[in-house]
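This is what each chain is made of:
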Amino acid sequence: MTWRGRGRRVSVAAVVVAVTAVGASASADLASSASATTAAPQAVATVLSGKIDRSSRAAVLAAYHDRFIVPSRVLNSWTGSTSSCTAGATSTAYRDATRTAIDWARGQAGISAVPALNATYAARAQQAALMMQANGALSHSPPSSWRCWTSAGALGASHSNLALGAAGLKAVQMYLVEPGTGNTAVGHRRWLLYPRLASMGIGNTSRASAVYVLGTPLATRPVGTPAYYAWPSAGYFPRLAEPAGLWSFSSSLGYSFRYATVRVVGPTGAAVKVTRYAPVNGYGDSTLVWRLATPPSHLLKGDQTWRVTISGIRTAAGRSATYSYRVTLVS
C-alpha cells in the first residue's frame, strides 16, 4: 500500500511468511574487518541497546547472543481471540524481546536505538495484527468487510510492517531477511533501520505481527549516524543473521544510487555474480539492493570475508563517489 504524509509518498510492503521459516538479521555502516579466525568467542558483557563494536569478533557474537538469541526464547502468551475479535495483548517480556531484536539490528548497523514506544501506535498495531490473523491475509488497506475490522486496526495496517505466520522476534527476522520475490526494495528492513524513526508501536498475536513505523520522524538524523550503512554490515557479522544473499547499502544523507553499480568479491578472491535491483525510493533512506547468485552458507564454521565496492554514488552536490567495505561472516 501507499500512504501520503509530510508531503512525501512513502510505501510499506507486506510479506507472508511460514511459521517455520528461518530468518536472519544483519548490520550496517562500514568498518574494516579483521583477519579470519575460528577461535571461540570471549565472554563480553553487552547492554540491550546501543551500537556494537563491529571490529570485535567477540563483541559482535556476544551482542547477537544476548540481544537476539536470548530474547528469542521468550514465549508468546497472546491473550486475544479471533473468534470474539478480541485484540488482547502479549506479555511485556514478549513485547520487549521484539523491541530488543529491532534495536540489536540497529546497533549492529551503527544506528541508534528507537527512542520510544508509542502506546497509541501499539494499540493500532495490535488491532491490525488481529485483523491479519482473523482473515488469514495481509493488507495495508483492509476493507471494512474484513472480520474483526476496526478503524484503529485499519490505521495501524496502513502505517505498519505486517507479517502473517510469524510474530514477535520471528517476524523481525523475516522483516530483515525480506523473503519472496516481491520484496527486492527491502522496505521492511529499511523502515526498521531508519535512523530518523522516532517511535514505534508493536502489535503481536499468536501468528501475526504489525510494527507501526510510519509515525512522525525525527527532524534530523541523530548525531553519530553514519553517512552509509549496509546490510549485512561491514566488519564482523553473525553468519546466522546473513539475509539469504539479499544485501543492501543505504545512505542516511539521501545520496542517489540510480546509476550506482556494485561489485562483490567472495572469500576465494573471485568476483561474485550479483543481480542489481533498480533503486526504489519511499522506504526510509535511499538504498541500493542486490542479490548474490550464491548466498553464503550458514552451515560453515570458519570465518569468511566478502569485499563490496559501490561505485557511481551521486552525492547531494552532484559528485560521483565510491565506497568499499568488507563483511566477515562469523559463527
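Criteria and thresholds
- Residues numbered from 1 in each chain as written.
- Predicted model: local features only at pLDDT ≥ 70, side-chain atom pairs only at ≥ 80, totals over all residues.
- Heavy atoms only, no water.
- Disulfide = S-S within 2.5 Å.
- Helix = DSSP H or I, 4+ residues; strand = E, 2+ residues; numbered from the N terminus.
- Expected span 1.5 Å × (residues − 1).
- Buried < 20%, exposed > 50% of the residue type's maximum accessible area, 1.4 Å probe, protein only.
- Polar contact = N/O pair within 3.5 Å; in protein donor to acceptor, adjacent residues only side chain to side chain.
- Contact = heavy atoms within 4.5 Å.
- Salt bridge = Lys/Arg side-chain N within 4 Å of Asp/Glu carboxyl O.
- Core = buried A, V, L, I, M, F, W, Y, C linked by side-chain atoms within 4.5 Å.

Engineer: Just checking my understanding: could you explain the state of the cysteines for this structure?
Structural biologist: Throughout this description, disulfide means a covalent bond between two cysteine sulfur atoms. Applying the stated criterion across every chain yields a total of one disulfide. Here Cys-85 connects covalently by a disulfide to Cys-148, the sulfurs 2.2 Å from one another. Residues Cys-85 and Cys-148 share a disulfide whose torsion about the S-S bond is about -80 degrees; that sign makes it left-handed. Residue Cys-85 is found in the loop between helix H1 (57–69) and helix H2 (92–108), and its partner Cys-148 is found in the loop between helix H3 (119–135) and helix H4 (151–158); the two are separated by 63 residues along the sequence.

Engineer: Honestly, H2 in this entry has me stumped. Any pointers?
Structural biologist: Residue pairs three or four apart in sequence face the same way in an α-helix, which turns once every 3.6 residues. With 17 residues, H2 should cover 24 Å at 1.5 Å per step; its first-to-last C-alpha distance of 24 Å lies within 8% of that length. Where burial is concerned, most of H2 is hidden: twelve out of the 17 residues are buried. The complete set of buried residues in H2 reads Tyr-94, Ala-97, Thr-98, Thr-100, Ala-101, Ile-102, Asp-103, Trp-104, Ala-105, Arg-106, Gly-107 and Gln-108. Downstream of H2 by a residue or two, Gly-110 has a phi angle that is positive, lying close to 80 degrees.

Engineer: Could you clarify how one ought to interpret the side chain of Asn-204 in this entry?
Structural biologist: Relative to the assigned elements, Asn-204 resides in strand S6 (residues 199–204). We classify Asn-204 as buried; its relative accessible area is 2%. A polar atom in the side chain of Asn-204 sits 2.7 Å from the backbone nitrogen of Gly-168. Here Asn-204 is in contact with Trp-78, Thr-90, Tyr-94, Thr-98, Gln-126, Ala-129, Ala-167, Gly-168 and Ser-209, once residues within four sequence places are set aside.

Engineer: Would you mind going over the pattern of salt bridges with me for this structure?
Structural biologist: Close approach of charged atoms allows side chains with opposite charge to pair. By the definition in use, this model includes three salt bridges. For the salt bridge of Arg-99 with Asp-103, the shortest nitrogen-to-oxygen distance reads 3.8 Å. Here Asp-103 and Arg-99 lie together in helix H2, a separation of four residues that amounts to about one turn. According to the relative accessible area criterion, Asp-103 is buried, its value standing at 5%.

Engineer: In this structure, what is going on with the nonpolar core? I would like to understand it.
Structural biologist: Nonpolar side chains in soluble globular proteins generally cluster together in the buried interior. Phe-249, Trp-290 and Ile-310 are the most contacted members of the largest nonpolar core, which totals 59 residues. In contact with Ile-310, other than residues within four places in its own chain, are Phe-249, Phe-257, Ala-260, Thr-261, Val-262, Leu-288, Trp-290, Ala-321, Thr-322 and Tyr-323. Membership of the second largest hydrophobic core comes to 19 residues, among which are Tyr-121, Leu-130, Met-132 and Ala-210.

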